[in-house]
Amino acid sequence: MIIDIHGHYTTAPKALEDWRKRQVDNLATPELGPKVSELKISDDELRDTIESNQLRLMKERGADLTIFSPRASFMAHHIGDFNTSSTWAAICNELCYRVSQLFPDHFIGAAMLPQSPGVDPASCIPELEKCVNDYGFVGINLNPDPSGGHWTSPPLSDKQWYPIYEKMVEYDIPAMIHVSTSCNCAFHTTGAHYLNADTTAFMQCLTSDLFKDFPTLKFVIPHGGGAVPYHWGRFRGLAQELKKPLLKDHLLNNIFFDTCVYHQPGIDLLTRVIPVDNVLFASEMIGAVRGIDPETGHYYDDTKRYIEAANLTADERHQIYEGNARRVYSRLDAALKAKGK
Ligand SMILES: [Zn+2]
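Residues numbered from 1 in each chain as written. Predicted model: local features only at pLDDT ≥ 70, side-chain atom pairs only at ≥ 80, totals over all residues.

1. Remarks on the packing of helix α2 (residues 43–61) against helix α4 (residues 82–102)
A packed helix pair is summarised by two numbers, namely the angle formed by the two axes and the spacing between the axes.
Logical step 1: It is the contact of α2 with α4, at a shortest axis distance of 10 Å, that shows an interaxial angle of 80°. Here α2 lies roughly perpendicular to α4, going by the angle between them. Counted together, D43, L46, R47 and I50 of α2 and R98, V99 and L102 of α4 form the full contact between these two elements. (Axes fitted to C-alpha atoms, helices over the stretch in contact; angles between N-to-C directions. Helix = DSSP H or I, 4+ residues; strand = E, 2+ residues; numbered from the N terminus. Parallel < 35°, antiparallel > 145°, perpendicular 65-115°, else oblique. Contact = placed C-beta atoms within 7 Å.)

Put into structure tokens, the structure is as follows:
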């Protein structure tokens, strides 16, 4: 089985975007709406957007199951206040849940959280509980920078985040550390802000003792870990200077990387530098990089091709495609086993 742990509902019906636009337009006058009930999307519309996009490409490329969360750049936690984010997160999570119900063999949900800059992250817990308990979601996306590129929140090691970690540990769910749209014009959203955040999150963990407090907490750092694998020597050296344990003991029981790196040399480096047990297959399809690479004639985000071509044994490939995902997303494993898979 091939499990893609990083997919977003980037192809949601236009009505969703229209509803959000009205919500944003009326931030100062929420009494003018829109009401949640004014968003009407039929099951047929959901089916169409999935069958002609993500599911079509999964079948063409040979992925079986995608962990599916709301569109990351649309989370835009910096917009409005907690109530704005709370309503928006509930709508987006429900759509992913409906997709998972329409295509139960191919999609299972991961939640966006109703984060808002300056608001206690504990406020996200009711939405998290609903998504896990009622929707069967198997993970969350945690935004380390709800301000959208201004980094006004304390680092991930700060105790303000602990209520979320306590709930993650209780439920045994991982968090993908995933920022949203940059509203800082210095940082391009997907080309700079995403990768900066991946690197930043790793370093915040490195300088802290977070995983001493939470030995079973699991973070997935997407986009191949940002700059981390490429600069592994720098991070090892910094850990040494800081008198931290070896990175494999300090961080690699808790931090995992996905394969959303869109060329062969990047995947070769990732799988050579990072232990195979810490690499999970993902494509972030259909996402930020949708074109065809003229050097190969294949889509940049057809990441399975790179795993196939990497210098890995059949066992290692199986770990990346399935074994590690089942270990990190234990609720996914349980859901699959309940279906005899
Ligand atoms: Zn993503």
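2. Things to note about the UniProt feature "domain: Amidohydrolase-related" (unreviewed entry) in the protein
Logical step 1: UniProt marks residues 3–330 with the feature "domain: Amidohydrolase-related" (unreviewed entry), using the numbering shown here.
Logical step 2: For residues 3–330, helix accounts for 44% and strand for 11%, while the C-alpha atoms at its two ends are 13 Å apart. (UniProt positions renumbered as here; feature names shortened; annotations may be inferred.)

3. Re the pairing of strand β1 (residues 3–9)
Logical step 1: Most of β1 sits inside the fold, with seven of its seven residues counted as buried.
Logical step 2: As paired elements, β1 and strand β2 (residues 65–70) share five bridges and run parallel to each other. Paired with G7 across the bridge in β2 is F68. (Buried ≥ 20, exposed ≤ 12 C-beta atoms within 10 Å, placed from the backbone. Pairing = 2+ DSSP bridges.)

4. Some points on the nonpolar core
Within soluble globular proteins, side chains that are nonpolar generally end up buried alongside one another.
Logical step 1: Core analysis: the largest hydrophobic core is formed by 86 residues, its most contacted members being I5, V99, I221 and L280.
Logical step 2: Ignoring sequence-local partners within four residues, the contact set of I5 consists of I67, V220, D258, L280, F281, A282, A325 and Y329. (Core = buried A, V, L, I, M, F, W, Y, C linked by C-beta atoms within 7 Å.)

5. So, the sheet that holds strand β3 (residues 107–109)
Logical step 1: If you walk across this open sheet you meet the three strands as β1-β2-β3, and the pairing is parallel. Looking along the sheet, the strands with just one partner apiece sit at the ends: β1 and β3. Strand-to-strand twist of the sheet, defined as the mean angle between neighbouring strand axes without regard to direction, takes the value 35°.

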